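Commentary on secondary and tertiary structure
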Amino acid sequence: MANTILIGAQWGDEGKGKIIDVLTGNADIVVRSQGGNNAGHTVIHRDRKYILHLIPSGILRRGKVCVIGNGVVVDPVALVVEIEGLRKLGIAIGRNLMLSDCAHLVLPYHRALDEQRELRKGHARIGTTKRGIGPAYGDKAARTGLRVSDLMQPTLFSKKLQAKIRENNSILQALGARPINYREVNEQYLAAGRKLAPFVANTVVYLHRALQQGKEVLFEGAQGTFLDIDHGTYPYVTSSNTTAGGACTGSGVPPHRMDRVLGVMKAYTTRVGEGALPTEDEGLADTLHKMGREFGATTGRARRCGWFDAVATRYATMINGIDELAITNLDGLDHVDPIRICIGYRLNGKRLKVPPCDAAQLANCEPIYEELPGWKESTHTAKKPSQLPSKARKYAKYISELTGAKLSMISVGPSRGQTLFL
Ligand code: IMP
């Protein structure tokens, strides 16, 4: 396997966790380069369900090194909980996990601000995961953030933390929210810092040396293309670069060392949180929710659902330079008939081939659909593409053609075995 960037081609929750887990079999190192514990990657391994938030999915396989890169925002307390939770399930975590000393920290005032900002926005809220991600990246951009390297120096950390809490408490108090207790946070974070110390390293140097030795790296994207801070449906986005470029800045590995970009997309579309979803369809959402599907791994929220949107995925192919596609959740459409595919948008009487930049304009786009007959039978047991119903095969082929990249994988269920390679 070449050095691969794996990217969500829609609004997140494309089933990346499972595809990453499958690809990890051939990688030496798995890197997270953006986002924080807003992500929730679900992996089913030996009939057990694991939900990973900060730790790369490679941790479930022996002999793989997992790196939390400089571009990730890390809540150290949540990371310790995740490590201890995995250890209880029998997953060994030691030298197979590395944490960048340059990664920024998520602190309790980030979470409090995230919540307050959402409350104040009312109907215009983003629908964040309330994990403090936006305010943490805000501090990073404002050059006032605390980093893992600070946490590794207790005296310095406490001093910086005290000043930050003082500043943020004035803001929180002005907003009518409860102030943060410095002593409690300081103790809690320093304790987490002590537990994380063995994992902290200059991960940029580690990755460059590993690449020189010919090791193969998988960059696991979190969230999806349309949640990207630059290219997504702003302001209804997350605060990091979820697109392919984020893998370089968030890990310190330069673009010319990347060999391929694999885009993961669902056979339909989902979104959690607010913002436009042009192909949203309540009937399809009902069907999927009744099947017990499409509930968020991080917040448990029911995801909004819609038809496959080829306008969006074609754009995602362009931004990310997607070479290959993995289509997931094809089985979600097993009993849906007919199946609609969005092949264009109409806005104010004009046909659009790309999503407009403006959120209000996107919300006013009317999808132009094509209809395909459903296959009305289960795809769960297929072991190779030829065992899929021919209508299901045609559907997968057609949506990848519309997207404009080569189809290389189809997933028809949550387990590793339910992955068909083309
Ligand atoms: P934040 O990242 O918590 O600030 O949330 C911003 C937007 O991104 C909201 O619409 C969230 O629902 C969405 N979001 C954040 N993380 C994920 C994810 O892992 N999957 C899907 N949506 C996400």
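Going by the structure above, here's the rest.
Heads up: these notes are all about the structure in this document. Sequence order as written defines the numbering, with residues in each chain counted from 1. Where local features are concerned, this predicted model is filtered to residues with pLDDT of at least 70; where side-chain atom pairs are given and counted, the filter is 80 or more; whole-chain, interface and lining totals use all residues. The side-chain values count all of the structure's non-hydrogen atoms but skip hydrogen atoms and water molecules.

Considering helix α6 (residues 154-174)
Helix and strand labels come from DSSP, where a helix needs a run of H or I of at least four residues and a strand needs a run of E of at least two; each type is numbered from the N terminus. Given a helix with a known number of residues, its expected span is that number minus one, times 1.5 Å. Here α6 contains 21 residues, and its C-alpha end-to-end distance of 30 Å stays within 8% of the 30 Å for a straight helix at 1.5 Å per residue. Whether two residues are in contact is decided by their heavy atoms: any pair within 4.5 Å suffices. Next to the buried residues of α6 lie β8 (104-105), α3 (108-121), α4 (133-141), α5 (148-151) and α7 (182-196). Gly176 occupies a position one or two residues after α6 and carries a positive phi of about 80°.

Digging into the pairing of strand β2 (residues 29-32)
Buried means the residue's accessible area, taken with a 1.4 Å probe over protein chains only, is under 20% of the maximum for its type, while exposed means over 50%, and partly exposed covers the values in between. Covered by surrounding structure in β2 are Ile29 and Val31 together with Val30 and Arg32, the residues of both alternating faces. Any two strands between which DSSP finds at least two bridges are classified as paired. Across 4 bridges, the pairing between β2 and strand β5 (residues 65-68) is parallel. Counterpart to Arg32 in the pairing with β5 is Ile68. Bridge analysis of β2 against strand β10 (residues 217-220) gives 4 bridges, and the strand direction is parallel. Looking at β10, one finds that Ile29 is bridged to Val217.

Here we look at the sheet that holds β10
The sheet built from 10 strands is open, its strands ordered β9-β7-β5-β2-β10-β1-β11-β15-β19-β20 with mixed pairing. The open sheet has two free edges, formed respectively by β9 (200-201) and β20 (419-421), since each of these has just one partner strand.

Focus on the site of the ligand
Note on definitions. A residue lies near a molecule or strand when any single heavy atom of the residue is within 4 Å of it. Taken together, 15 residues lie around the ligand, and Asp13, Asn38, Thr129, Thr238 and Arg301 are the ones closest in. Polar contact is defined as a pair of N or O atoms within 3.5 Å, subject to the rule that within protein one atom must be able to donate a hydrogen and the other to accept it, and that residues adjacent in sequence are counted only when both atoms are side-chain atoms. Contact between the ligand and Asp13: a nitrogen atom at 3.1 Å from a side-chain N or O atom of the residue. Residue Gln223 places a side-chain N or O atom 3.3 Å away from a nitrogen atom belonging to the ligand. When the ligand is considered free in solution it has 470 Å² of accessible area, and contact with the protein chains removes 97% of it. Any residue that is not Ala, Val, Leu, Ile, Met, Phe, Trp, Tyr, Cys, Pro, Asp, Glu, Lys or Arg is counted as polar, Gly included; the first ten are nonpolar and the last four charged. Tallied by class, the residues present in the shell around the ligand amount to 6 nonpolar, 7 polar and 2 charged. Accessible surface is estimated by sampling points in the Shrake-Rupley manner with a 1.4 Å probe; for residues, cover comes only from the protein chains shown.

A word on the nonpolar core
One broad trend across soluble globular proteins is that nonpolar side chains are buried collectively. In plain words, nonpolar cores are sets of buried Ala, Val, Leu, Ile, Met, Phe, Trp, Tyr and Cys residues tied together by side-chain atoms within 4.5 Å. By size, the foremost hydrophobic cluster in this structure holds 67 residues, and its most contacted members are Leu330, Leu333 and Tyr395. The dominant element in this core, judged by the number of residues it contributes, is strand β16 (residues 339-347), at 6 residues. Setting aside chain neighbours within four positions, we find Leu333 in contact with Ala267, Tyr268, Leu284, Ile339, Trp375 and Tyr395. The next biggest cluster of nonpolar side chains, apart from the first, holds 51 residues, and it includes Leu52, Val148, Leu172 and Phe199.

Thoughts on empty space enclosed by the protein
Every definition here rests on a 1 Å grid over the protein atoms only: cavities are sets of points where a 1.4 Å probe fits but cannot get out, pockets are open sets enclosed by protein on both sides within 12 Å along at least five of seven lines, and lining residues have some atom within 4 Å of a point. Grid points are joined across faces, edges and corners, and a volume is the space filled by probe spheres set on the points. If you walk through the whole model with that rule in mind, you get 1 cavity of 30 Å³ or more. Looking at the largest cavity, its volume works out to about 40 Å³. As for the largest cavity, its lining consists of Ile5, Leu6, Ile7, Ser33, Gln34, Phe219, Glu220, Gly221, Thr242, Thr243 and Ala247. Among the elements of the structure, β1 (4-8) and β10 are those that each provide at least two residues to the lining of the largest cavity. Of all the elements, β1 adds the most residues to the lining of the largest cavity, at 3 residues. Here the lining of the largest cavity is built from residues that sort into 5 nonpolar, 5 polar and 1 charged.

Comments concerning the layout of surface pockets
Considering only enclosed or pocket space, the second largest pocket measures out at about 280 Å³ in volume. Leu60, Arg61, Arg62, Gly90 and Ile91 are, among the 14 residues lining the second largest pocket, the residues nearest its centre. Classifying every residue of the lining of the second largest pocket gives 5 nonpolar, 4 polar and 5 charged.

Some remarks on unusual backbone geometry
The omega angle of the peptide bond from Tyr234 to Pro235 is 5°, so this bond is cis rather than trans. Note on placement: Pro235 falls in the loop between β10 and α9 (245-249). For the bond from Asp337 to Pro338, the omega torsion is -5°, close enough to zero to count as cis. Here Pro338 is to be found in the loop between β15 (324-328) and β16. For Arg143, which is not glycine, the phi torsion reads 65° and is therefore positive. Tracing the sequence through the fold places Arg143 in the loop between α4 and α5. Its identity as a non-glycine residue notwithstanding, Glu294 has a phi of 65°, on the positive side. With respect to the helices and strands, Glu294 occurs in the loop between α10 (282-290) and β13 (304-306).

A look at the pattern of salt bridges
A carboxyl oxygen of Asp or Glu within 4 Å of a side-chain nitrogen of Lys or Arg is what we treat as a salt bridge. Inspection of every chain in the model, using the stated rule, returns 18 salt bridges. Taking the shortest distance from any N to any O, the salt bridge between Glu14 and Lys16 comes out at 2.8 Å. Glu14 sits in the buried class, given a relative accessible area of 0%. Lys164 is paired through a salt bridge with Glu167; the nearest N and O atoms lie 3.8 Å apart. Placement of the pair is Lys164 and Glu167 together in helix α6, with a separation of 3 residues, close to one helical turn. Each of the salt bridges in this network shares a partner with another, and the network as a whole consists of Asp13, Lys266, Glu294 and Arg303.

A word on helix α1 (residues 16-24)
Judged by how many residues are buried, α1 sits mostly within the fold: 9 of 9 residues are covered. Of all the residues in α1, the buried ones are Lys16, Gly17, Lys18, Ile19, Ile20, Asp21, Val22, Leu23 and Thr24.

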